[in-house]
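# Commentary on secondary and tertiary structure
Now for the letters of each chain:
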Amino acid sequence: MVVLTGAGISTDSGIPDYRGPGSPPRNPMTYQQFVGDMEFRRRYWARNHVGWRYMDAARPNDGHRALAALERRNVVAGVITQNVDLLHTKAGSRRVIDLHGSYAQVRCLACGARISRMALAERLERVNPGFAVASVTGLEVAPDADAVVEDIAGFRMVDCARCGGLLKPDIVYFGENVPPERLAAAYELVDTAEVILVAGSSLTVWSGRRFVHRVARRGGTVLIVNRGPTRSDGLAARRLDAGCSPILARLADRFADRRNTAPPGAL
């Protein structure tokens, strides 16, 4: 089984999702906005300077830990995640494809240099002393680490220390393509799977939905666990309208005894 996860698996870790029931309207950053408007970019970096700390402090929940346990038991071959929070890796999953990148890395759009988000935070703090709040409790933070910070007056950006180029979070924005080598690795994983389990994604964007269709086209089994409908419900052999943590924990418990050979679809 291969698992495709979305923002819904991380809600129990305190990270809100984009489209789940009760989620506020969100307008995720587009690549064109980021590179084409300096004020938009400055606003983003000011908010991210606060929000990334919240993301960094987040810890895996029962759903993440369950998938790591299932991988250790050779039930799950790997995880493809649309999230940028690194919680699968923190939980102990070994084969994780971060389809849309990671909040923890920053790259230069000119020379391609990469630095850690922590290193950039130190540079930003030097030119914006005291801007970042000491505590993130109570902040509204989106799944891409964008915090709701209204007052950005005087916030200063920094450029690439190597070439002076634009720095951008190593995250695939709307309007960007998933890097081809990352997409190829995801397809390689999907093409070995008998089952694809979707956990916490509405499958609104093709970026993740393509894998569900690929498995379904060759006769594989599609299972979906998500709060609310998805765009691929018609392909699912089984669909549960539920939170990820309890269902995935139950699945992990089912396979705790290696003598139990019931297929995942029998949950």
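A quick note: this is a predicted structure, and the numbers were derived from the prediction, not measured.

With that settled, consider the sheet that holds strand S6 (residues 167-171). The strand order across the open sheet built from three strands is S5-S4-S6, with neighbouring strands paired in antiparallel fashion. The sheet terminates laterally at strand S5 (114-116) and S6, the two strands that pair on one side only. Looking at each pair of strands side by side, their axes are set apart by 40 degrees on average, direction ignored. Note that strand S4 (residues 101-108) and S6 share four bridges and pair antiparallel. When the bridges of S6 are listed, Gly101 appears paired with Ile171. The strands that helix H5 (residues 117-127) touches are S4, S5 and S6; relative to S5, the one it contacts most, it runs at about 80 degrees.

Further remarks concern the packing of helix H3 (residues 62-72) against helix H8 (residues 244-254). Where H3 meets H8, the closest approach of the two axes is 8 Å, and the angle between their N-to-C directions is 25 degrees. On the basis of their axis angle, the class for H3 and H8 is roughly parallel. Where H3 crosses over H8, the handedness of that crossing is left-handed. Facing Asp62, Gly63, Ala66, Leu67 and Leu70 of H3, the residues of H8 in contact are Ser245, Leu248, Ala249, Leu251 and Ala252. A breakdown of the residues in the contact of H3 with H8 according to their chemical character gives seven nonpolar, two polar and one charged.

Calculation rules
- Residues numbered from 1 in each chain as written.
- Predicted model: local features only at pLDDT ≥ 70, side-chain atom pairs only at ≥ 80, totals over all residues.
- Heavy atoms only, no water.
- Pairing = 2+ DSSP bridges.
- Helix = DSSP H or I, 4+ residues; strand = E, 2+ residues; numbered from the N terminus.
- Axes fitted to C-alpha atoms, helices over the stretch in contact; angles between N-to-C directions.
- Contact = heavy atoms within 4.5 Å.
- Parallel < 35°, antiparallel > 145°, perpendicular 65-115°, else oblique.
- Left-handed = near helix turned anticlockwise from the far one by under 90°.
- Nonpolar A, V, L, I, M, F, W, Y, C, P; charged D, E, K, R; others polar.

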